Amino acid sequence: MKSYLLAAVAAGALGLAGCATTADRAADAAALADAAAADAAAAAGEAAPAAADAAAVAEQPVTAAGATAFIAEAETRLATISEYQQRVAWTRATNITFDTMWLEAKVNAEVTELQVQLANEAARFNDVQVPDDVRRKLNLLRLGIVLPAPNRPGAAAELAQITTRLDSTYSTGKFAFKGKEITLDDANVLIAESRDPAETKALYEGWRTVSPGMKPDYARMVEIANEGSRELGFADTGAMWRAGYDMAPDDFAKETDRLWAQVKPFYVNLHCYVRARLNAKYGDAVQPKTGPIRADLLGNMWSQQWGNIYDVVAPATGGQSSYDLTKLLTDAGYDATKMVQTGEGFYKSLGLAPLPQTFWERSQIVRPRDREVVCHASAWDVDNLEDVRIKMCTQVNADDFYTVHHELGHNYYQRAYKDQPMLFRNGANDGFHEAIGDFIGLSALTPTYLNQIGLLKTTPGADEDIPFLLKMALDKIAFLPFGLMVDRWRWGVFSGETTPDQYNVAWNADMLKYQGLVAPGPRPADAFDPGAKYHVPAAVPYTRYFLAAIYQFQFQRAACKMEGWTGPLHRCSTYGNEEVGRRFNAMLEMGQSKPWPEAMQAFTGETGNDATAIIDYFAPLNAWLTEQNRGKDCGWSET
Ligand code: X8Z
Ligand code: ZN
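What counts and what doesn't
Note that residues are indexed from 1 along each chain, following the sequence as it is written. Here chains are named by letter from A upward and ligands by number from 1 upward, in the order in which they appear as written. It should be noted that, the model being predicted, local features are given only for residues of pLDDT at least 70 and side-chain atom pairs only at 80 or more, the latter also being counted only at that level, while totals for whole chains, interfaces and linings use all residues. Computation of side-chain values: all heavy atoms of the structure, hydrogens and water removed. Per the convention used, a helix needs a DSSP run of H or I reaching at least four residues, while a strand needs a run of E reaching at least two, with both numbered from the N terminus. C-alpha atoms define the radius of gyration in this analysis, and the globule rule sets the expected value at 2.2 Å times the number of residues to the power 0.38. Categorising residues by exposure relies on relative accessible area from a 1.4 Å probe, with only protein chains included: less than 20% of the type maximum marks a residue as buried, more than 50% marks it as exposed, and the intermediate range marks it as partly exposed. In this analysis, two residues are considered to be in contact whenever any of their non-hydrogen atoms come within 4.5 Å of each other. Computed by Shrake-Rupley with a 1.4 Å probe, the accessible areas treat only the displayed protein chains as cover when residues are assessed. None of His or the chain ends enter the tally, which takes Lys and Arg as positive and Asp and Glu as negative. A charged residue contributes its charge at one atom only: NZ of Lys, CZ of Arg, CG of Asp or CD of Glu. Axes here refer to lines fitted to C-alpha atoms; in helices the fit is confined to the stretch in contact. Angles between the N-to-C directions go from 0 to 180 degrees. For classification, angles of less than 35 degrees are called roughly parallel, those exceeding 145 degrees roughly antiparallel, those between 65 and 115 degrees roughly perpendicular, and all remaining angles oblique. A clockwise turn of the near helix away from the far one marks a right-handed crossing, whereas an anticlockwise turn of less than a right angle marks a left-handed crossing. Classification used: nonpolar for Ala, Val, Leu, Ile, Met, Phe, Trp, Tyr, Cys and Pro, charged for Asp, Glu, Lys and Arg, polar for all others including Gly. The donor set covers N, O and S atoms within 2.8 Å of the metal, switching to 3.2 Å for Na, K and Ca, and it leaves out water, so a site may look short of donors. A helix is expected to span 1.5 Å multiplied by its residue count minus one. For the purposes of these results, a polar contact is taken to be a pair of N or O atoms within 3.5 Å, where, inside protein, one atom must be able to donate a hydrogen and its partner to accept one; residues adjacent in sequence count only when each atom of the pair is a side-chain atom. UniProt positions are given in the numbering used here, feature names are shortened, and annotations may be inferred rather than shown by experiment. To qualify as a nonpolar core, a set must consist of buried Ala, Val, Leu, Ile, Met, Phe, Trp, Tyr and Cys residues joined through side-chain atoms within 4.5 Å. The rule for a disulfide is simple: a pair of cysteine sulfur atoms within 2.5 Å. Fitting one axis to the seven residues ending at a residue and another to the seven starting there, the bend at that residue is the angle between the two axes.

## Things to note about the overall build of the protein chain
Tallying secondary structure elements over the protein chain gives 23 helices and six strands in all. Taken over the C-alpha trace, the protein chain has a radius of gyration of 24 Å; the compact-globule value for 639 residues is 26 Å, and the two agree within 12%. Here the C-alpha coordinates of the protein chain stretch approximately 75 × 55 × 45 Å along the principal axes. The 639 residues of the protein chain split such that 61% are buried. Partitioning the intrachain contacts of the protein chain with sequence separation of at least 6 by distance along the chain shows that 79% fall at a separation of at least 24. Counting every atom, the protein chain has about 22,900 Å² of accessible surface; 53% of that belongs to carbon and sulfur. When the 60 positive and 79 negative side-chain charges of the protein chain are each reduced to one mean point, those points stand 4 Å apart.

## A closer look at the packing of helix H18 (residues 465-495) against helix H20 (residues 543-562)
Where H18 contacts H20, the axes come no closer than 7 Å and their chain directions differ by 150 degrees. Between H18 and H20, the angle is such that the two are roughly antiparallel. Here H18 runs over H20; the crossing is left-handed. Contact residues: Lys476, Phe479, Leu480, Gly483, Leu484, Asp487 and Trp491 in H18; Thr543, Tyr545, Phe546, Ala549, Ile550, Gln552 and Phe553 in H20. Looking at the contact of H18 with H20 residue by residue, the class counts come to nine nonpolar, three polar and two charged.

## A word on the coordination of the zinc ion (ligand 2)
The expected angle between donors at a tetrahedral four-coordinate metal is 109.5 degrees. At an octahedral six-coordinate metal it is 90 or 180 degrees. Taken together, the protein donors to the zinc ion (ligand 2) comprise His406 (NE2), His410 (NE2) and Glu434 (OE), at separations of 2.0 to 2.1 Å. Between consecutive donors of the zinc ion (ligand 2), the numbers of intervening residues give the motif H-x3-H-x23-E. Of the two residues, His406 and His410 are both situated in helix H15 (residues 398-416); the distance of four residues between them amounts to about one turn of the helix. For the pair shown, His406 and His410 are each scored as buried.

## Thoughts on H15
Across its 19 residues, H15 extends 27 Å between first and last C-alpha, which sits within 8% of the 27 Å expected from 1.5 Å per residue. In terms of burial, H15 is largely enclosed, as 16 of its 19 residues are buried. Structurally, the start of H15 carries an N-cap: the backbone nitrogen of Asp399 is 3.2 Å from a side-chain oxygen of Asn397.

## A look at the UniProt feature "glycosylation site" (unreviewed entry) in the protein chain
Annotation from UniProt places "glycosylation site" (unreviewed entry) at Asn95. Mapped onto the elements of the fold, Asn95 is located in the loop between helix H2 (64-93) and helix H3 (98-122). For Asn95, a relative accessible area of 29% puts it in the partly exposed group. Each residue touching Asn95, except ones within four places of it in the same chain, is listed here: Thr100, Arg371, Glu372 and Val373.

## Quick notes on the nonpolar core
Ranked by size, the top nonpolar core spans 172 residues in total, and within it Val274, Trp306, Phe555 and Phe618 carry the most contacts. Per-element accounting of this core gives the leading share, 19 residues, to H18. When near neighbours in sequence (up to four residues on either side) are disregarded, Trp306 contacts Tyr267, Leu270, His271, Val274, Ile293, Leu298, Leu474, Asp475, Ala478 and Leu517. Within the second largest apolar cluster, 20 residues are counted, among which are Val107, Leu118, Ala122 and Phe125.

## Thoughts on the state of the cysteines
Under the defined criterion, the tally for this structure stands at three disulfides. Residue pairing for Cys272: its cysteine sulfur links by disulfide to Cys634, the two sulfurs lying 2.0 Å apart. The chirality of the disulfide connecting Cys272 with Cys634 is left-handed, given an S-S dihedral of about -75 degrees. Remark: Cys634 occurs in the segment after helix H23 (612-628) and Cys272 occurs in helix H10 (residues 249-282); sequence separation between them is 362 residues. Residue class for Cys634 comes out partly exposed when judged on its relative accessible area of 30%. Disulfide partner of Cys375: Cys393, at an S-S distance of 2.0 Å. Between Cys375 and Cys393, the disulfide has an S-S torsion of -85 degrees and is therefore left-handed. Linking Cys375 in the loop between helix H14 (357-362) and strand E4 (378-381) with Cys393 in the loop between strand E5 (388-391) and H15, this pair joins segments that are 18 residues apart in sequence. For Cys393, a relative accessible area of 10% corresponds to the buried category. Described in terms of the sequence order of its bonded cysteines, the disulfide pattern of the protein chain is 1-6, 2-3, 4-5.

## What to know about the UniProt feature "binding site: Zn(2+) 1" (unreviewed entry) in the protein chain
Following the UniProt record, one finds the feature "binding site: Zn(2+) 1" (unreviewed entry) at His406, His410 and Glu434. In sequence the annotated residues extend across 29 residues, while in space they remain close, none of their C-alpha pairs exceeding 7.3 Å. The buried category is assigned to His406, whose relative accessible area is 7%. What His406 contacts, discounting residues up to four positions off in sequence, is Glu434, Gly437 and Asp438. Residue His410 is classed as buried on the basis of its relative accessible area, which comes to 2%.

## Re H10
Spacing of three or four residues puts side chains on the same side of an α-helix, whose turn is 3.6 residues. Along H10, the sharpest kink reaches roughly 45 degrees, centred on Val263 and followed within four residues by the proline Pro265. Downstream of H10 by one or two residues, Gly283 has phi in the positive range, about 85 degrees.

See below:
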């Protein structure tokens, strides 16, 4: 029922008048953020009676028939308000102004109030014997809220005010670099390409100057959402997030521990190899031979994917990679639209329907020049039916080639489950939603496919297997601990184990513990580094991406088996295989109607989270890395 990625209550950012000069933008942004958020909150407060009136309609008897009638009414109401909310949210995200902010905060407060009210009413049927699908929907009403507000006047409005301000600070964030004010998209390209440690340090630290001001709001947001979560019967908001996986929250936490333990030795191997190559390039003073890696040297603002520094860590001897995807795309004259059309082409080759004409008319594919927008990529199903779109500030490079396939995966999932009842129009779990496009991307990045679509003149031979796998691992294996640590930090914050005065120290401690990384220099006392990662101010749960990193390989292994592939998994492409497409879509069509293991089984025949698929895929590289690391002192001290 929502745009994929945007949390239901994660309100937007802040608009600036187009005529503001670069120099006074930051001040304007801060002032307008306060004014707009305060105003929006007032509006949201005014809206409360309307939402309460709407929710007060027809109290159903506490019987099975009453539960069924209650669910039918809830689904109708949610469908109606969701479309309204999405149209407002889209308008705000693609044109951030005082007024669109105002509107979005108002509708978000209304939606939160309705959701909380429905979740509370659902609890009346806890002891009634009802059909399985009705029970599942009653549970989903309780689990489908990302940040619940407590049921008292003004709480939803205050929460909407805060989330609006947090998102606005992130989305309009800019900082000075070499005498010029730059945006996050500028900084992302610069940190990917720079090989000067003084520059990468300035970029890393510069982007983190946008977030210290978010800290008080963040702490208050945690308080309100926890109050709301407790009213819904959860220990805290983190426990509520962990409850969305068809198992007990504690079991889910243990399950992620189990998966991490399976893949961690491989990560440590990659870390060890990359550290040695960085040391060879930059010397002991920049990157010591032992201990953690300096986070800004990895080609990504959050060190979450390292593929951009492939050139630095490429095998010194033996096979070399004969191509660079960014260069292939630019040499072939690709523009942003061509990238999206190419992504759609892959899905069509699986027998899936073309995107509707409205997708092309209504999507935001590049950053508009004349207004502020939220650039973090997302995919939307505005009417929960046919009106699917993406919102990106696409650049022609390898990162966005992947992101385009990722976002379209969300859209194809949304379209596949559109005929489910409203409460089942979602991913089997949130990790599934993230894994769809990533699975397609695994094939779309193979040299075989790049050759098929004419980007590569010839298909490289087996001597390029290790370079290819290394490139993939720099993104996929490096991501795993990051995919875990973002919510490990948030779980600690929501449980109260990490208090506001410890926010930044705990974040950097988690970076060290999970990723084996350190910031390029001491962090200032007022730093709030978690606020510099989109999903934290935007309140988007992150464990979904960790799961997706595991699931996409389960899907890939199953698909390649289906097509009778007998070669190495990393060379397999599903491009053009309609049988795979048909069976994949059958899983997608299930939406959230069944516990996720049933969806997993429908496509893969497996019923659990299984990291052996990612391990199988990369097995030749892991053996190679072990050889390269021989005699080295791998790992780091985690505290
Ligand atoms: O946020 C995203 C997508 C939208 S759901 C662009 N991703 C995570 C991130 O950017 O941190 C995809 C990879 C992980
Ligand atoms: Zn996504």
